[in-house]
Amino acid sequence: MEVTFWGVRGSYPTPAPETVRYGGNTSCVEVLADGGERLVVDAGTGLTRLGDHLMSRGQLAGTHHILLSHLHWDHIQGLPFFAPAYDSRARISIHAMPDTAKPLAKVLAGVARHEFFPAALDDFAAPFDFHEVLADETFTPQSFRVTAFRLNHPSGAMGYRIDADGTSCAYVCDTAPFTEVLHKKHFLHGLEPISEADGLELQEMRDGVVRAIRGCDTVIYDTHFTPEEYAKFPHYGHSTPDQALALCTGIGIRQLVLYHHAPNHNDAILDQMSGLYANLGRQVGLEVTTAREGMVLRIGGAAPARRVAS
Amino acid sequence: MKLHFWGVRGFYPVASAATQCYGGNTAAIEVISDSGSRLLVDLGTGAIPFGRALMAQEFGRGNGHLSVLLTHTHLDHTAGLPFFVPAFIPGNKIDIYGAASQTSLRGVLDDLFDSHVCPINSLDNLGATLTISDLCDRDIAIGEFRVQQLCVPHGHGSGAAWRVSADGRDVVLMTGIDHPTGTILQRAADFARGADLLLHDCTWKVPNELKLRWGGSTLAQALEMATVAQVKRLCLTHHAPGCDDEGIVTMLAEAQSGINIPVMAAAEGHDCPI
Ligand SMILES: [Zn+2]
Ligand SMILES: [Zn+2]
Ligand SMILES: [Zn+2]
């Protein structure tokens with residue numbers, strides 16, 4: 001199994017010279033099984049690059065499975081520009097957590113509509129189908145085995161563990177740590193006191209994450225903030241590399257990937273963080289890698305990261 | 001009067017080493033009068049760095065006032081709003097003017113903040129005071145700017161072309177206009193007539209050859225508009241995501257050989273005197 005990072009940025013794309021090396025496109029990861037089957041996680045602007053890549057290799061046809069962590073703009077904005085969607089030989093299967101009020105198809109149709117995009121969902125040549133994913137449920141797109149688990153993020157988010165080829169990786173994004181705030185479906189001005197029930201729910205959520213990702217070869221984690229930034233914005237729904245390290249230590253994980261970089265984290269800052277956390281990781285027996293756009297990681301093996309052939 | 005280009009990309013932002021000269025942020029263009037008053041046209045991702053720059057001024061202290069003209073509500077013209085920092089500062093005033101469409105402009109902009117897609121949940125959670133007005137073919141005065149609007153067809157709805165006058169100069173911004181019959185819209189040409197500068201979108205090259213589905217104008221239509229409207233200068237903008245720096249240079253050369261009005265291509269981070 002191999003993972004390619006097509007977009008590593010959080011919140012919004014940053015097309016600037018200061019972010020050219022780590023990349024400015026928003027969340028999108030491609031998981032490729034050894035047999036060539038593909039799973040896409042998240043559909044930020046990085047998805048447009050993957051679409052162009054598939055087009056250049058003549059791989060538009062067939063079913064494209066896309067898992068969405070949640071529907072925040074930085075995780076869906078590339079969807080209406082994904083090249084396979086314009087090809088009638090293709091089919092797009094979207095997997096995402098359900099909404100409490102509306103079916104997923106309706107929710108996405110309400111987002112990908114003409115007021116916001118030149119092409120709305122029902123304009124596409126490729127048919128779309130929608131699959132609602134429940135926490136702790138396992139499903140099997142192609143030969144992948146995917147287990148979903150809940151994350152702590154405004155309006156909720158789903159993490160995924162993906163098993164194939166006798167190895168596994170997990171996608172834990174977007175999430176806040178499981179301590180100071182329980183994110184629900186409301187706007188947070190700042191931290192709110194958490195009730196005893198909230199505290200229990202957080203503990204349960206954390207246990208669920210640990211249960212799901214235990215023993216994973218590689219974990220891709222939302223490490224949007226530095227500790228100083230987190231102290232200012234603990235209610236934004238994102239974590240720090242320190243919090244990711246703490247959660248991933250001692251549960252049989254080989255590699256932690258820092259991901260969903262804050263827009264203000266330019267190449268120089270990310271170089272620093274990359275060095276710092278690689279060292280901290282070594283001290284607890286974790287290999288820490290900072291995600292870069294175009295990076296290809298071999299999962300389950302110790303082969304060095306390489307860059308995607310463009 | 002001059003323009004400053006904060007974002008000149010169309011459809012979606014492009015973060016790539018191959019687009020660093022012309023830039024990858026989506027539509028946001030600042031209009032600045034000689035005395036320093038300003039307007040912003042469109043709120044694509046280019047508006048995000050613009051918003052940060054404003055924070056060094058009165059907007060950082062919560063007594064800024066900005067008027068924004070929207071050509072339409074596609075994300076490449078609005079996606080910067082949820083990340084536009086001055087909008088979060090109580091005391092700031094932001095007036096947004098757009099084109100009337102089937103649904104109210106306020107409703108559409110509010111949906112940008114919907115809890116599914118954005119943790120802010122609603123426009124009402126922004127600290128600044130926002131006023132949002134649908135105009136249709138009306139003229140207004142914003143400070144020392146005279147602003148005229150023309151409703152034009154775009155995509156499945158309508159968009160607005162804007163004519164902004166100050167300091168005895170006129171600039172016309174048409175960045176989201178379809179010419180459905182193939183020949184340019186006569187009333188749009190009338191609207192742009194004699195302008196010192198015409199900004200026109202131009203989808204010279206789109207990745208995946210999908211352009212017909214995405215709306216917008218061709219290079220030939222932009223050139224025809226400039227010629228028929230007898231503008232003094234043409235600036236091409238809303239560059240297609242598949243058009244890298246080299247591609248824009250090639251497009252510009254093609255444009256310059258096709259018309260005897262001066263033509264330029266908008267580049268992020270640059271000024272354009274009018
Ligand atoms: Zn995100
Ligand atoms: Zn999010
Ligand atoms: Zn546009």
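Residues numbered from 1 in each chain as written. Chains lettered and ligands numbered in written order. Predicted model: local features only at pLDDT ≥ 70, side-chain atom pairs only at ≥ 80, totals over all residues. Heavy atoms only, no water.

Caption draft 1: Representation of the coordination of the zinc ion (ligand 1) in the model. Residue and element names in this part refer to chain A. Taken together, Asp74 (OD), His75 (NE2), Asp174 (OD) and His260 (NE2) make up the protein donors of the zinc ion (ligand 1), found 2.1 to 2.2 Å from the metal. The metal-metal distance between the zinc ion (ligand 1) and the zinc ion (ligand 2) is 3.4 Å, with aspartate 174 serving as a donor to both. You can see aspartate 74 sitting in helix 2 (residues 73-76) and its partner histidine 260 sitting in the loop between strand 12 (255-259) and helix 7 (267-283), a full 186 residues away along the chain. As far as burial versus exposure is concerned, aspartate 74 and histidine 260 are alike and both buried. (Donors = N, O, S within 2.8 Å, 3.2 Å for Na, K, Ca; no water. Helix = DSSP H or I, 4+ residues; strand = E, 2+ residues; numbered from the N terminus. Buried < 20%, exposed > 50% of the residue type's maximum accessible area, 1.4 Å probe, protein only.)

Caption draft 2: The arrangement of the sheet that holds strand 12 of chain A in detail. Residue and element names in this part refer to chain A. Taken in spatial order, the seven strands make up an open sheet running 7-8-9-10-11-12-13, and their pairing is mixed. One side of each edge strand has no neighbouring strand; the edge strands of this open sheet are strand 7 (138-139) and strand 13 (287-290). Where strand 11 (residues 218-222) lies against strand 12, five bridges are found, and the strand directions are parallel. Its bridge partner being in strand 12, isoleucine 220 is matched across the sheet by valine 257. Set on the sheet, helix 4 (residues 196-213) makes contact with strand 8 (145-151), strand 9 (157-164), strand 10 (167-172) and strand 11; between it and strand 8 the angle comes to about 160°. (Pairing = 2+ DSSP bridges. Contact = heavy atoms within 4.5 Å. Axes fitted to C-alpha atoms, helices over the stretch in contact; angles between N-to-C directions.)

Caption draft 3: Quick peek at unusual backbone geometry. Note the cis peptide between cysteine 173 of chain A and aspartate 174 of chain A, where omega equals -5°. With respect to the element layout, aspartate 174 of chain A can be found in the loop between strand 10 and helix 4. The phi angle at serine 155 of chain A is positive, at roughly 70°, despite the residue not being glycine. Looking at the element boundaries, serine 155 of chain A is found in the loop between strand 8 and strand 9. A positive phi is found at phenylalanine 11 of chain B, a non-glycine position, where the angle reads about 75°. By the element assignment, phenylalanine 11 of chain B lies in the loop between strand 1 (2-7) and strand 2 (28-32). You can call phenylalanine 11 of chain B buried: its relative accessible area is 6%.

Caption draft 4: Seen up close, the coordination of the zinc ion (ligand 2). Residue and element names in this part refer to chain A. All of the protein donors around the zinc ion (ligand 2) are His70 (NE2), His72 (ND1), His153 (NE2) and Asp174 (OD); their distances to the metal are 2.1 to 2.4 Å. In this structure, the zinc ion (ligand 2) is coordinated by four donor atoms arranged in irregular fashion, with angles at the metal of 87 to 173°. Mapping the donors of the zinc ion (ligand 2) onto the primary sequence gives the spacing H-x1-H-x80-H-x20-D. (Tetrahedral: all angles 85-135°; square planar, octahedral: opposite > 155°, others 65-115°.)

Caption draft 5: Quick peek at the interface of chain A and chain B. Residue-level contacts link 38 residues of chain A with 36 residues of chain B. Summing the contributions of chain A and of chain B, the shared interface buries around 3500 Å²; its carbon and sulfur component is 62%. Across the contact surface, chain A and chain B share one salt bridge. Note that aspartate 111 of chain B is salt-bridged to arginine 113 of chain A, the shortest N-O span being 3.0 Å. The tally of links from chain A across to chain B stands at 13 residue pairs in polar contact (both at pLDDT 80 or more). Those elements that provide at least two residues to the side of chain A that touches chain B are helix 1 (46-56), helix 2 and helix 3 (104-111) of chain A. (Buried area = accessible area lost by both parts, 1.4 Å probe. Salt bridge = Lys/Arg side-chain N within 4 Å of Asp/Glu carboxyl O. Polar contact = N/O pair within 3.5 Å; in protein donor to acceptor, adjacent residues only side chain to side chain.)

Caption draft 6: Region of the structure containing the environment of glutamate 228 of chain A. Residue and element names in this part refer to chain A. Within the secondary structure, glutamate 228 sits in helix 5 (residues 227-232). Under the relative-accessibility criterion, glutamate 228 is labelled exposed at 56%. Counting along the chain gives 12 residues from glutamate 228 to threonine 240, while the straight-line C-alpha distance between them is 9.3 Å.

Caption draft 7: Structural context of the sheet that holds strand 6 (residues 129-135) of chain B. Residues and elements named next belong to chain B. With mixed pairing, seven strands are arranged side by side in an open sheet as 6-5-4-3-2-1-14. Here the strands that pair on one side only, and so sit at the sheet edges, are strand 6 and strand 14 (271-273). Mean inter-strand twist for the sheet, computed between neighbouring axes without regard to direction, equals 20°. Bridge count for strand 5 (residues 93-99) against strand 6 is seven bridges, and the pairing is parallel. When the bridges of strand 6 are listed, tyrosine 97 appears paired with serine 133. Along the sheet face, helix 1 (residues 47-54) touches strand 1, strand 2, strand 3 (38-41) and strand 4 (65-69) and points at about 160° away from the line of strand 3.

Caption draft 8: Just the side chain of glutamate 268 of chain B, in detail. Checked against the element boundaries, glutamate 268 of chain B lands in the loop between strand 13 (263-265) and strand 14. In this structure, glutamate 268 of chain B is buried with no salt-bridge partner, the nearest side chain bearing the opposite charge being arginine 9 of chain B at 6.8 Å. (Lys, Arg positive; Asp, Glu negative; His and termini not counted.)

Caption draft 9: Here's a closer look at the nonpolar core. Core analysis: the largest hydrophobic core is formed by 73 residues, its most contacted members being Leu47, Ile66, Leu68 and Trp73 of chain A together with Phe84 and Ile96 of chain B. Setting aside anything within four residues of it in sequence, one finds leucine 47 of chain A in contact with Cys28, Val40, Ile66, Gly78, Leu79 and Phe82 of chain A. Listed in part, the 36 residues of the second largest apolar core include Ala161, Ile177, Val231 and Ile248 of chain B. (Core = buried A, V, L, I, M, F, W, Y, C linked by side-chain atoms within 4.5 Å.)

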